Amino acid sequence: IAPVADAPTLSGTFDSLTSGLSYIDSAGAISPRIAALAEGGFVTVWSRSNGAGGYDLFARFLDADGQPVNTTVAIATDSSGFTDADAKVEALAGGGFVVVWRSDRGDSDIYARVFDAAGNSVGGEVPVNLGNSVYDLVPQVTALTGGASR
């Protein structure tokens, strides 16, 4: 996993880039995050109510004008009422991205998941910090030179 070199500059706000998109709605979409991709365009992640008392995570690619270029990609979904939220997204070289988030499946655990440039998962969810007695409320991620993320 390598950082994005010369990523495009995001102009405008998340709302201006995503106005009119079907996932920004009154159904409980919250906490949107956006990252510029190496090949141009952006990826956005957000949480949405899962109808069982919790929240699930989703992503979608946007072109340079903020228009969607794929269907919604499920990052973490759980119909049992757990909350997967507070996501952060980081673009990776080659057009892929990594997402980290907090889940209340345990003691506010942290998970990560990597996706390729087409939005396909490269493996499943990876537990980053589980069962810590201190609640981890604000996960962060950074792409590192040399192919790793932290």
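Scroll up a little and you will see the structure.
Residues numbered from 1 in each chain as written. Predicted model: local features only at pLDDT ≥ 70, side-chain atom pairs only at ≥ 80, totals over all residues. Heavy atoms only, no water.

Draft legend 1. Looking closely at the sheet that holds strand β3 (residues 55-62). What the four strands build is an open sheet, ordered β1-β2-β3-β4; its pairing is antiparallel. Sheet topology places β1 (30-36) and β4 (73-76) at the edges, where each strand pairs with a single neighbour. Here the strands of the sheet are splayed against their neighbours by 25 degrees on average, with no regard to which way each runs. Examined bridge by bridge, β3 and β4 share three bridges and lie antiparallel to one another. (Pairing = 2+ DSSP bridges. Helix = DSSP H or I, 4+ residues; strand = E, 2+ residues; numbered from the N terminus. Axes fitted to C-alpha atoms, helices over the stretch in contact; angles between N-to-C directions.)

Draft legend 2. Region of interest: the environment of isoleucine 34. Tracing the sequence through the fold places isoleucine 34 in strand β1. Along the sequence, isoleucine 34 and glutamate 90 sit 56 residues apart, while their C-alpha atoms lie 8.3 Å from each other.

Draft legend 3. Here's a closer look at the sheet that holds strand β5 (residues 84-91). Read across the sheet, four strands follow the order β5-β6-β7-β8 without closing on themselves; strand pairing throughout is antiparallel. Only two strands of the sheet have a single partner each, and these edge strands are β5 and β8 (126-129). On average, each strand axis in the sheet is tilted by 25 degrees relative to the strand beside it, whichever way the strands run. Two elements, β5 and strand β6 (residues 97-103), share six bridges in a ladder whose sense is antiparallel. Among the inter-strand pairings, glutamate 90 is bridged to a residue of β6, identified as valine 98.

Draft legend 4. The arrangement of the pairing of β5 in detail. For β5, the buried fraction is high: six of the eight residues fall into the buried class. Between β5 and the antiparallel strand that follows it, β6, lie five residues; glycine 94 among them carries a positive phi value of about 90 degrees. (Buried < 20%, exposed > 50% of the residue type's maximum accessible area, 1.4 Å probe, protein only.)

Draft legend 5. Seen up close, the pairing of β1. As paired strands, β1 and strand β2 (residues 42-49) are joined by five bridges and run antiparallel to one another. Of the residues in β2, the one forming a bridge with alanine 36 is phenylalanine 42. Between β1 and β2, which pair antiparallel and follow one another directly, the connecting turn spans five residues, one of which, glycine 40, has a positive phi of 100 degrees.

Draft legend 6. Structural view of the packing of aromatic side chains. Across all of its chains, the model carries four aromatic pairs by this definition. Seen in terms of ring centroids, phenylalanine 61 and phenylalanine 97 are 5.7 Å apart; in terms of plane orientation they differ by 80 degrees. Their pairing is edge-to-face. Taken as a pair, phenylalanine 61 in strand β3 and phenylalanine 97 in strand β6 lie far apart in primary sequence, 36 residues in all. As far as burial versus exposure is concerned, phenylalanine 61 and phenylalanine 97 are alike and both buried. Taking 6.0 Å as the distance between ring centres and 20 degrees as the angle between the ring planes, the aromatic pair formed by tryptophan 101 and tyrosine 111 counts as stacked. In this pair, tryptophan 101 sits in strand β6 while tyrosine 111 sits in strand β7 (residues 109-115), placing the two residues 10 residues apart along the sequence. (Phe/Tyr/Trp six-rings, centres within 6.5 Å; stacked < 30°, edge-to-face > 60°.)

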